[in-house]
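Chain by chain, the residues run as shown.
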Amino acid sequence: MLIFADTADTKLLAELNETGLIDGVTTNPTLIAKSGRVIAEVIKEIAEMIDGPISAEVTATDYKQMIAEGEKLAAIASNIVIKVPLTVDGLKATKAFSEQGLMTNVTLCFSVPQALLAAKAGATFVSPFVGRLEDQGADGIQLLHDIRTVYDQYDFDTEILAASLRNSAHVAQAAIAGADCATLPPAVFNELFKHPLTDKGLEIFMADWAKTGQSIL
Ligand code: E4P
């Protein structure tokens, strides 16, 4: 499963990228607003830092304007993925972008029929929002399993990008469900490294090693 960073904070992203474990980045209008920066500048900086897919979201809601915005975003760098909302106009734009050979990420997906339509439109990625479904008392992880089943059954190439993941359990469950990628806020990514038994085990190893008086170097 590829791991994407869900952030438009380039300082934090640079830190995460030092691990060598970040395969791509997703942004959305909320994250761009939070960065306080101009979208084209942030996206360009991110695309220069990370080689993998970088999702940049259109903010228009009508087809014509989405096409214009998407083409402008895609021109920033060759690894830009145009992120469009799962609406009628969004899927029409997805089809048009796909025919032009441009990558797309269909966002705000909350159901199997929506995911089916995104795949039929030729989306490169579809983003089911796990956390936001759970906020409503629905089962976001089951949605990932169901989309996986449907995509495999019909051999769709669209990749499942598990989004709105709020903790490491979500990441584990997304991987078990067979998501192709997961996008994680920086805090969730950092949480993945941690386990109390790792800390405890390391403490014991270090204490025992100190008793030997040895040094490897
Ligand atoms: C990423 O593509 C999504 O926009 C993001 O994961 C949404 O996360 P949230 O529901 O925590 O805002």
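So, a few notes on the structure that sits alongside this text. (Residues numbered from 1 in each chain as written. Predicted model: local features only at pLDDT ≥ 70, side-chain atom pairs only at ≥ 80, totals over all residues. Heavy atoms only, no water.)

Attention now goes to the nonpolar core. If you look at the biggest cluster of nonpolar residues, it comprises 57 residues, and the most contacted ones within it are I80, A118, L144, Y151, L165 and L184. Considering every element that reaches this core, the biggest residue donor is helix α8 (residues 140-153), with five residues. Beyond its immediate sequence surroundings of up to four residues, A118 is in contact with L86, L91, V106, A123, V126, Y151 and T158. Listed in part, the five residues of the second largest apolar core include V81, F125, L161 and C181. (Core = buried A, V, L, I, M, F, W, Y, C linked by side-chain atoms within 4.5 Å. Buried < 20%, exposed > 50% of the residue type's maximum accessible area, 1.4 Å probe, protein only. Helix = DSSP H or I, 4+ residues; strand = E, 2+ residues; numbered from the N terminus. Contact = heavy atoms within 4.5 Å.)

Taken together, D6, T26, N28, K83, F129, R132, A163, S164, R166 and T183 make up the full set of residues adjacent to the ligand. Side-chain polar atom of K83 to an oxygen atom of the ligand: 2.7 Å apart, as the coordinates give it. A distance of 3.2 Å separates an oxygen atom of the ligand from a polar atom in the side chain of R166. Computed on the free molecule, the ligand has an accessible area of 340 Å², of which 85% lies beneath the protein chains in the complex. (Near = heavy atom within 4 Å. Polar contact = N/O pair within 3.5 Å; in protein donor to acceptor, adjacent residues only side chain to side chain. Areas by Shrake-Rupley, 256 points an atom, 1.4 Å probe, with all protein chains shown as cover.)

For the rest of this paragraph, the subject is the packing of aromatic side chains. For the coordinates displayed, the defined rule picks out five aromatic pairs. Ring centres of F189 and F193 lie 5.3 Å apart, and the angle between their planes is 85°; on these two criteria the pair is classed as edge-to-face. Taking the relative accessible area as the measure of exposure, F193 reaches 48% and is therefore partly exposed. In this structure an aromatic cluster arises from ring pairing among Y151, Y154 and F156. Sitting over the face of the ring of Y63, K92 holds its NZ or CZ atom 5.0 Å from the ring centroid. (Phe/Tyr/Trp six-rings, centres within 6.5 Å; stacked < 30°, edge-to-face > 60°. Lys NZ or Arg CZ within 6 Å of the ring centre and 35° of its normal.)

In space, the eight strands of this closed barrel follow the order β1-β2-β3-β4-β5-β6-β7-β8, with parallel pairing throughout. Each strand of the sheet is rotated relative to its neighbour by a mean of 30°, with strand direction disregarded. Of the strands in this sheet, β2 (24-26), β3 (54-57) and β4 (80-85) are in contact with helix α3 (residues 39-49), which crosses β3 at around 170°. (Pairing = 2+ DSSP bridges. Axes fitted to C-alpha atoms, helices over the stretch in contact; angles between N-to-C directions.)

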